[in-house]
Amino acid sequence: MNAREIAVASATLDDVFSDDIVVPAADGYPLAATLFLPRGAKRHAVLINSATAVSRKVYRGFAGYLARRGAAVLTYDYRGTGDSRPMAATGLNKPKSLAGFKATMADWAALDATAAVSWMRERYRGLPFAYVGHSFGGQALGLLPNNAEIPRVLLIASQAAYWKLMASPERYRVIAFMNGIGLPLTRTLGYLPGWAGLGMDLPRGVFEQWTRWVMRERYLLDDTTLAARENFPKFKGKLRAISMTDDTWATRPAVELLCSAFTSTTPEIISIHPTDAGVKTIGHFGFFSSEHRDALWRGAAEWLEAEG
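The following paragraphs examine the structure supplied in this document. Quick caveat: nothing in here was measured; it's all calculated off a predicted structure.

Turning next to the packing of helix H5 (residues 170-189) against helix H6 (residues 204-215). One way to put it is that H5 packs onto H6 with a least axis distance of 11 Å and a crossing angle of 150°. By the angle between their axes, H5 is roughly antiparallel relative to H6. The crossing of H5 and H6 is left-handed. Of the residues in H6, those in contact with Val-174, Ile-175, Phe-177, Met-178, Asn-179, Gly-182, Leu-183, Thr-186 and Arg-187 of H5 are Arg-204, Phe-207, Glu-208, Trp-210, Thr-211, Val-214 and Met-215. Per-class residue counts for the contact of H5 with H6 are nine nonpolar, four polar and three charged.

Now the structure itself:
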């Protein structure tokens, strides 16, 4: 979603409340978040978990849409990204350099996403709760120690991102970027600068762990140092995974591989072709574009709101 689309989505939120807040991570780290509330009765609670290097603002339109239908919705930025990045001590509202900032993708799951789930479950304990995960946000689900508390999950373009499961030629571009550009830059500067190609600076530990996973045949499922993998079977709720047929990263085989790790439930995987939404492309990020309000968002919302 580009800046114009975000502005358009924001302009449609007049009939919902939105408030920028801080949610403490499991270790107390302050996570920037936005809470969307309906003006009428709250009937559901939804947590939206971001993709890698994607600001929570990208999900603003979808969050507002869900809130308009009666959901309390929380979006947030992982530590070291977006507004959850430390600020420089200059008084100029300038982000502090990420050089030396300690964080990994495993931390994003264990400390940030885990706490966001707990915060929503505690605050809206009387409401049906659903978890939305985009790309990494869906991968994180399997790592959460409290994922058994989540009754309903919608994964959007979430995958086991082994490079050979990506579409060609994108797979070769990814490998060239990660190993030939990303890692050298990250080790030289102490973080991955957004201008290198991802659009958002990333902590060194995040990018290095991500690169290691991309090189593994089963992605994070093959990381023997990742004890949190044992949490995948703990999830027993309902799971629907949406795969876009023109997504070069989250291809159907990559989505199926991630879903196969949730062994205590039977994931439902749905493939969406751009023509299903009356457009030429959707890709890895397009689902959250406001143009899909009727074609894609409505069905997703209805599923999230379903009982049982």
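Moving on to the pattern of salt bridges. As enumerated under the stated definition, the model contains 17 salt bridges in all. Residues Arg-56 and Asp-77 are paired through a salt bridge, measuring 2.7 Å at the closest nitrogen-oxygen approach. Of this pair, Arg-56 sits in the loop between strand E3 (44-49) and helix H2 (60-68) while Asp-77 sits in the loop between strand E4 (71-76) and helix H3 (105-123); the two residues are 21 residues apart in sequence, bridging distant segments of the chain. A relative accessible area of 5% means that Arg-56 is categorised as buried.

Let's shift gears to empty space enclosed by the protein. With the rule as written, the count across this model stands at one cavity of 30 Å³ or more. Roughly 30 Å³ of volume is contained in the largest cavity. Elements with a minimum of two residues in the lining of the largest cavity: E3 and helix H8 (293-305). The element best represented in the lining of the largest cavity is H8, accounting for three residues. A class-by-class count of the residues in the lining of the largest cavity yields five nonpolar, one polar and one charged.

The next point concerns the pairing of strand E10 (residues 268-272). Relative to E10, strand E9 (residues 238-244) runs parallel, the two being bridged by five bridges. Pairing of Ala-241 across the sheet is with Ile-269, part of E10. Crossover connection from E9 via helix H7 (residues 252-260) to parallel E10: handedness right-handed.

Looking now at H3. For H3, which comprises 19 residues, the first-to-last C-alpha distance of 26 Å matches the rise-based estimate of 27 Å (1.5 Å per residue) to within 8%. Of all the bends in H3, the largest measures some 25° and sits at Ala-113. Listed as buried for H3 are Met-105, Ala-106, Trp-108, Ala-109, Asp-112, Ala-113, Thr-114, Ala-115, Ala-116, Val-117, Trp-119 and Met-120. Two to three positions downstream of the cap, the backbone nitrogen of Ala-106 sits 3.4 Å from a side-chain oxygen, assigning the N-cap of H3 to Thr-104.

For the rest of this paragraph, the subject is the layout of surface pockets. Gaps left between atoms are located by rolling a probe of water-molecule size over the structure's atoms. Quantified by volume, the largest pocket comes out at close to 480 Å³. What lines the largest pocket is a set of 26 residues, among which Thr-52, Ala-53, Leu-198, Trp-210 and Phe-285 lie closest to the centre. Breaking the lining of the largest pocket down by element, the ones donating at least two residues are helix H4 (136-141) and H5. Of the residues forming the lining of the largest pocket, the biggest block, five residues, is contributed by H5. In terms of residue class, the lining of the largest pocket is built from 16 nonpolar, eight polar and two charged.

As summarised here, the arrangement of the eight strands in space is E1-E2-E4-E3-E5-E6-E9-E10, forming an open sheet in which the pairing is mixed. Here the strands that pair on one side only, and so sit at the sheet edges, are strand E1 (16-24) and E10. Adjacent strand axes in the sheet meet at a mean angle of 20° when their direction is disregarded. Both strand E6 (residues 152-156) and E9 contribute to a ladder of five bridges, which runs parallel. For Val-153, the partnering residue across the bridge sits in E9 and is Leu-239. The strands touched by H2 within the sheet are E1, strand E2 (30-38), E3, E4 and strand E5 (129-134), with E2 carrying the most contacts at an inclination of about 40°.

Relative orientation of the contacting elements H3 and H6 amounts to 110°, with a least axis distance of 7 Å. Considering the angle they form, H3 stands roughly perpendicular to H6. Along its contact with H3, which presents Met-105, Ala-106 and Trp-108, the element H6 presents Val-206, Gln-209, Trp-210 and Trp-213. Of the residues assigned to the contact of H3 with H6, the class counts are six nonpolar, one polar and no charged.

What follows is about the packing of aromatic side chains. Scanning the entire structure with this criterion turns up 19 aromatic pairs. Here the aromatic rings of Trp-163 and Tyr-172 are separated by 6.1 Å at their centres, their planes lie at 65°, and the arrangement is edge-to-face. One aromatic cluster in this structure is built from Tyr-59, Phe-62, Tyr-65, Phe-287, Phe-288 and Trp-297. In this structure, Arg-39 packs its charged tip against the face of Phe-17, placed 4.2 Å from the ring centre.

Procedures and definitions
- Residues numbered from 1 in each chain as written.
- Predicted model: local features only at pLDDT ≥ 70, side-chain atom pairs only at ≥ 80, totals over all residues.
- Heavy atoms only, no water.
- Axes fitted to C-alpha atoms, helices over the stretch in contact; angles between N-to-C directions.
- Helix = DSSP H or I, 4+ residues; strand = E, 2+ residues; numbered from the N terminus.
- Parallel < 35°, antiparallel > 145°, perpendicular 65-115°, else oblique.
- Left-handed = near helix turned anticlockwise from the far one by under 90°.
- Contact = heavy atoms within 4.5 Å.
- Nonpolar A, V, L, I, M, F, W, Y, C, P; charged D, E, K, R; others polar.
- Salt bridge = Lys/Arg side-chain N within 4 Å of Asp/Glu carboxyl O.
- Buried < 20%, exposed > 50% of the residue type's maximum accessible area, 1.4 Å probe, protein only.
- 1 Å grid on protein atoms, 1.4 Å probe; cavity = no way out; pocket = protein on both sides within 12 Å on 5 of 7 lines; lining within 4 Å.
- Points joined across faces, edges and corners; volume = space filled by probe spheres on them.
- Pairing = 2+ DSSP bridges.
- Right-handed = clockwise from strand over helix to strand, strands pointing away.
- Expected span 1.5 Å × (residues − 1).
- Bend = angle between axes of the 7 residues up to and from the residue.
- Polar contact = N/O pair within 3.5 Å; in protein donor to acceptor, adjacent residues only side chain to side chain.
- Phe/Tyr/Trp six-rings, centres within 6.5 Å; stacked < 30°, edge-to-face > 60°.
- Lys NZ or Arg CZ within 6 Å of the ring centre and 35° of its normal.

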